[in-house]
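Read off the chains here:
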Amino acid sequence: QVHLVESGGGLVQAGGSLRLSCAASGRTFSTDVMGWFRQAPGKEREFVAAISWSAGTYYFDSVKGRFTISRDNAKNTVYLHMNSLKPEDTAVYYCAADRWASTYMSTRADEYDYWGQGTQVTVSS
């Protein structure tokens, strides 16, 4: 059975940093595009960042220069390093895998096949 498990969320002050982790199990994800999405209360789920099998990356404009996505294929784990956090970054963050893509990094949630349960990130002002 396939599982994606996020961790590392929490409460942080504006300007602070967090590192989210997404541990995958049940199959290898080393050739999948992996993505991070977030959903704030009352809002739709939105794309944050994605990484291809060869570590190419793509970011939502509002997080460019502040967030970094990375992966460790040996550990079947994807990370999201978040710096200079802002209150508007507050959301539940989800990890996702697109098993049909290795290089094309979609920003559409409906193109991702596997999802974690999410981890809450709260940024106080």
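Summary of the structure given here. Everything numeric in this text was worked out from a predicted model, so none of it was measured.

1. Describing the packing of aromatic side chains
No. 1: One pass over the structure, following the stated rule, counts seven aromatic pairs.
No. 2: When the centroid spacing of 5.8 Å and the interplanar angle of 85° are considered together, the rings of Phe29 and Tyr114 count as edge-to-face. One end of the pair, Phe29, is in the loop between β3 (18-25) and β4 (33-39); the other, Tyr114, is in strand β10 (residues 114-115), with 85 residues separating them in the sequence.
No. 3: On the numbers, 5.9 Å between centres and 35° between planes, the contact of Phe47 with Tyr58 is tilted. In this pair, Phe47 sits in strand β5 (residues 46-51) while Tyr58 sits in strand β6 (residues 57-59), placing the two residues 11 residues apart along the sequence.
No. 4: Residue Phe47 is classed as buried on the basis of its relative accessible area of 6%.
No. 5: Three or more aromatic residues link up through ring pairs in this structure, and these residues are Phe37, Phe47, Tyr58, Tyr94, Tyr112 and Trp115.
No. 6: Above the ring of Phe29, the side-chain terminus of Arg27 is found at 4.7 Å from the ring centroid.
No. 7: The positively charged end of Arg45 is found above the aromatic ring belonging to Trp115, 4.8 Å away from the centroid.

Here is what the cut-offs are and how they apply
Residues numbered from 1 in each chain as written. Predicted model: local features only at pLDDT ≥ 70, side-chain atom pairs only at ≥ 80, totals over all residues. Heavy atoms only, no water. Phe/Tyr/Trp six-rings, centres within 6.5 Å; stacked < 30°, edge-to-face > 60°. Helix = DSSP H or I, 4+ residues; strand = E, 2+ residues; numbered from the N terminus. Buried < 20%, exposed > 50% of the residue type's maximum accessible area, 1.4 Å probe, protein only. Lys NZ or Arg CZ within 6 Å of the ring centre and 35° of its normal.

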